[in-house]
Each structure stands twice: as C-alpha cells, then as structure tokens.
Amino acid sequence: MRLLERMRKEWFMVGIVLAIAGAKLEPSIGVDGGPLKPEITVSYIAVATIFFNSGLSLKTEELTSALVHIRLHFFIQIFTLAFFPAAMWLFLQLLSITPINEWLLKGLQTVGCMPPPVSSAVILTKAVGGNEAAAIFNSAFGSFLGIVITPLLLLLFLGSSSSVPFTSIFSQLSVTVVVPLIIGQIVRRYIKDWLERTKPPFGAISSSVLLMIIYTTFCGTFSNPNIDLDKFSLVVILFIIFSIQLGFMLLTFIFSTRNNSGFTPADTVAIIFCSTHKSLTLGIPMLKIVFAGHEHLSLISVPLLIYHPVQILLGSVLVPTIKSWMVSRQKGVKLTRPVV
C-alpha cells in the first residue's frame, strides 16, 4: 500500500511537469472562454469535486480517540495557521527589498496561509512510527479550519491583490467548498462499509482533478504576454522553500522536546510533519477562488507547487533519522523509569 502511494505521488509530480509543459505548448485550450471552459469546469465543477471527494474520504469517525490530547492539537494548529503565516510575513518584509519577483514573494505568503495536507503528514508520521492518531486528527481538523481561516489569512496578508469582493469569495467558497465537503461527509455515513470494502482511489481522483486546475491556471499565464518569470527568482524561491522547511522542522522539534513540553517522542514526530506541511490539494482551488481573474495567479501558485514536492522529499529523506531519534528516546524513557 505504501509502495502504491509512493508511485502515485511520483506520477503526480510528473503530471505537474506535463501539465505545465502542455499549457506552454497550447495555452489557448485552457484559457477562459477556450474549449475547456475553465470558468465553469474548473472554478465550480473541479473544485467542488475535490472537496466532495475530501468529504467522502475523511475518516472523521476515527478521530474521537485523539480528541483528548488538546495541548498537542492546539500547538499544531496555532503553529500552522498563526505562527507560520505571521513569521512568513515578517520574513518577506526583508525579502521585499531584493530583486526577487514580487508575485513569487506573494506566493510564499500564500504557502504560509495554507492548512495542513490530508495525507502526506499522516503517511510520514506512520512511516516513522509516531502518533498517527494525532496526525490524522490534526490533518483533518486543520483542513476543516482552513476552509474558513485560509481565505481570511489570504485576504489579511494579500487583500489588495484580490480582484474579487469579499462577499463573492465566501459565497463561492460556500458553493464549491463547504457544501460539497458536508455532502461528502453525509454520503459517507450511509456508504461507509462499502467504502471500507472497495477502497476507492480518492487520492488518484483528487490528483487528476488538481492537474486539470494546474493546467488551466498556467494556460492563463502563458497566454498573457505581459508576464515574465526570471530564472534567478525561481532558483532563489526554491532555495528559500528548502530553508523554510528545514528551519520550521527544526523549530518545531526544539519547541516540542523541551523538558516541560509534555510531549512524547511519538507526539514530536506528528508535530514536526503536521505543523510544517501545507496542502496543495486544498490550496490550489482556494487560490483559484480568492484570486479569480488575477493575471498573476499562476505566479502566486508557483511557490505552493514547489513546496509540495519539497515537503515530501525532505520528509522521506529524514524518516530514518527521525525514527532513529524517536526509538532512542523511547528506550531512554523506559530505562529511566523506576522498577516497582
């Protein structure tokens, strides 16, 4: 199962490259008013499909056992949806005086505003042997919170960049995000046994729809002759994203391993991944809604498209190291317990 998930993620990365390349070759297909009619098929149908799919796949009935660890959940959600975007805003104030493309910098801010992903943090926590229940709870709960908090954060930090009125944004969010998600959860209650038996490919469905959104987004970019992305900015953004990922992983590790933190080594593993990972599946549709019609939407999306594979790559590379640390700490705790 883990091998299939890894293969799916690898093919998704290839799909992103092919989607962008296809948009570069023939952008007229995916622009507004083109054959794909993205103003309808993407803005409404594709986005609603992703969140209905999320509603069907979220196993919220399994999260009750993790509810009691309130301090852990509070730490993760505050770090993800408050500290992360605020720290990113302060950092970007320094970067604003550099020659880095301003829309890529705005894209970095959108990364900070995103909720945690539904899958990658859970998969990596499980691979290490950390607190999987906490990872599942915070990924699911963070996704629900993100539906409301992420658009508010985007409007707070980048409000002047949005060409869509506040009321219009939230009305579309209700129609394409909240309602499909709730319907998905309701439907799940009635077909839960069937879903458990057949295990539909939720990840593959969401990935396919997401590739369509990415494709049409970049069609809009390449059809606009006024947009120019310099390679220097792209390389610097890639380096910054790697640095942010490593820096925040280290920061969460330091915070959660203090003597008075009250967190176990297994908790720390869940904290490291859940606090620093950001959702591409939920993020791209939200950017599509909040920045609908914006000529620089694709440039704003680039940092999130980079952040997604980076978090999986770094997480996978660090799994053996984190697992070794967790096992050694757990052994140390057992050895220090008094013999009764």
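Structural data are supplied above this passage.
None of these values were measured; they are calculated from a predicted model.

**Student:** Would you mind going over the side chain of Thr252 with me for this structure?
**Tutor:** Turning to its location among the elements, Thr252 is positioned in helix H9 (residues 231-256). The class for Thr252 is buried, based on a relative accessible area of 0%. Discounting chain neighbours no more than four positions away, the residues touching Thr252 are Phe79, Ile271, Ile272, Ser275 and Thr276.

**Student:** Would you mind showing me how to read the side chain of Thr276 here?
**Tutor:** Here Thr276 lies in helix H10 (residues 265-276). Engagement of the side chain of Thr276 in a polar contact is seen with the backbone oxygen of Ile272, the distance being 2.6 Å. Those residues within four positions of Thr276 in sequence are excluded, and the remaining contacts are Phe84, Gln245, Phe248, Met249, Thr252, Tyr307 and Gln311.

**Student:** Can you walk me through the environment of Ser206 in this structure?
**Tutor:** Secondary-structure assignment places Ser206 in helix H8 (residues 202-222). Judged by its relative accessible area of 10%, Ser206 falls in the buried class. Residues Ser206 and Thr281, spaced 75 residues apart in sequence, show a C-alpha to C-alpha distance of 7.2 Å. Aside from chain neighbours lying at most four places away, what touches Ser206 is Ile50, Asn53 and Thr281.

**Student:** What is the right way to read helix H5 (residues 120-128) from this model?
**Tutor:** One turn of an α-helix holds 3.6 residues; hence residues three or four places apart share an orientation. Burial analysis of H5 places seven of its nine residues in the buried class, which makes it a mostly covered element. Taken residue by residue, H5 has Ser120, Ala121, Val122, Leu124, Thr125, Ala127 and Val128 as its buried positions. Looking one or two places after H5, you find Gly129, whose phi comes out positive at around 100°.

**Student:** Explanation requested: a nonpolar patch on the surface in the structure shown.
**Tutor:** On the surface, Ile40, Tyr44, Ile45 and Val175 cluster together into a nonpolar patch covering about 390 Å² of accessible area. Ranked by residue count, the leading element in the nonpolar patch is helix H2 (residues 38-57), at three residues. Along the chain, the position of Ile40 falls in helix H2. Residue Ile40 is classed as partly exposed on the basis of its relative accessible area, which comes to 48%.

**Student:** Where do I start with the packing of aromatic side chains in this structure?
**Tutor:** A ring pair, where both rings are aromatic, is described by two values, the distance of the centres and the angle of the planes. Evaluation of the coordinates by the stated rule reveals eight aromatic pairs. Measuring from ring centre to ring centre gives 5.4 Å for Phe137 and Phe141, while their planes differ by 25°; the resulting arrangement is stacked. A residue pair is termed a helical-turn pair when its members lie 3 or 4 positions apart in one helix, as Phe137 and Phe141 do in helix H6 (residues 132-158) at four residues. Through a chain of ring-to-ring contacts, the aromatic side chains of Phe75, Phe79, Phe83, Phe84, Phe248 and Phe263 assemble into a single cluster. Looking at Arg71, its charged tip hangs above the ring of Phe263, at a distance of 5.9 Å from the centre. The lysine or arginine in question, Lys106, covers the ring of Trp103, its NZ or CZ lying 5.4 Å from the ring centre.

**Student:** Help me out: how do you make sense of the nonpolar core in this one?
**Tutor:** General note: in soluble globular proteins, nonpolar side chains tend to be found buried as a group. Ranked by size, the top nonpolar core spans 59 residues in total, and within it Leu108 and Ile237 carry the most contacts. Not counting residues within four places of it along the chain, the set of residues in contact with Ile237 comprises Ile100, Leu104, Leu105, Leu108, Pro303 and Ile306. In this structure, Phe75, Ala135, Cys274 and Ile322 belong to the second largest nonpolar core, which totals 23 residues.

**Student:** I would appreciate a short explanation of the pattern of salt bridges in the present structure.
**Tutor:** Here the idea is simple: oppositely charged side chains can pair when their charged atoms come close. Counted by the stated rule, this structure contains one salt bridge. One salt bridge in this structure joins Arg188 and Glu196, with 3.3 Å as the shortest N-O distance. Its relative accessible area of 3% is what places Arg188 among the buried residues.

**Student:** Looking at this structure, how should I read the packing of H5 against H10?
**Tutor:** Between H5 and H10, the least distance of the axes is 9 Å, while the angle of their chain directions is 155°. By the criterion of interaxial angle, the relationship of H5 to H10 is roughly antiparallel. Where H5 crosses over H10, the handedness of that crossing is right-handed. Listed contacts from H10 to Ala121, Leu124, Thr125 and Val128 of H5 are Val269, Ala270, Phe273 and Cys274. Classifying every residue of the contact of H5 with H10 gives seven nonpolar, one polar and no charged.

**Student:** Is there a simple way to explain unusual backbone geometry in this structure?
**Tutor:** One can expect most non-glycine residues to show negative phi and most peptide bonds to be in trans. Even without a glycine there, the phi angle at Lys37 is positive, about 45°. Structurally, Lys37 is set in the loop between helix H1 (2-25) and H2. Take Lys37: its relative accessible area is 38%, and that puts it in the partly exposed class. For Lys199, which is not glycine, the phi dihedral falls at a positive 50°. Inspection of the secondary structure assignment puts Lys199 in the loop between helix H7 (166-198) and H8.

**Student:** Got a minute to help me understand the packing of helix H3 (residues 70-95) against H9 in this structure?
**Tutor:** Two elements in contact, H3 and H9, have axes separated by 12 Å at closest approach and are oriented at 135°. Between H3 and H9, the angle is such that the two are oblique. By crossing handedness, the relation of H3 to H9 is classed as right-handed. In this structure, H3 uses Phe75, Phe79, Phe83, Phe84, Ala87, Met88, Phe91 and Leu95 to contact H9, whose residues at the interface are Ile240, Ile244, Phe248, Leu251, Thr252 and Phe255. Of the residues that constitute the contact of H3 with H9, the class distribution is 13 nonpolar, one polar and no charged.

Quick notes on the rules
Residues numbered from 1 in each chain as written. Predicted model: local features only at pLDDT ≥ 70, side-chain atom pairs only at ≥ 80, totals over all residues. Heavy atoms only, no water. Helix = DSSP H or I, 4+ residues; strand = E, 2+ residues; numbered from the N terminus. Buried < 20%, exposed > 50% of the residue type's maximum accessible area, 1.4 Å probe, protein only. Contact = heavy atoms within 4.5 Å. Polar contact = N/O pair within 3.5 Å; in protein donor to acceptor, adjacent residues only side chain to side chain. Patch = residues over 30% accessible without salt bridge, like charges linked within 9 Å, V, L, I, M, F, W, Y side chains within 5 Å. Areas by Shrake-Rupley, 256 points an atom, 1.4 Å probe, with all protein chains shown as cover. Salt bridge = Lys/Arg side-chain N within 4 Å of Asp/Glu carboxyl O. Phe/Tyr/Trp six-rings, centres within 6.5 Å; stacked < 30°, edge-to-face > 60°. Lys NZ or Arg CZ within 6 Å of the ring centre and 35° of its normal. Core = buried A, V, L, I, M, F, W, Y, C linked by side-chain atoms within 4.5 Å. Axes fitted to C-alpha atoms, helices over the stretch in contact; angles between N-to-C directions. Parallel < 35°, antiparallel > 145°, perpendicular 65-115°, else oblique. Left-handed = near helix turned anticlockwise from the far one by under 90°. Nonpolar A, V, L, I, M, F, W, Y, C, P; charged D, E, K, R; others polar.

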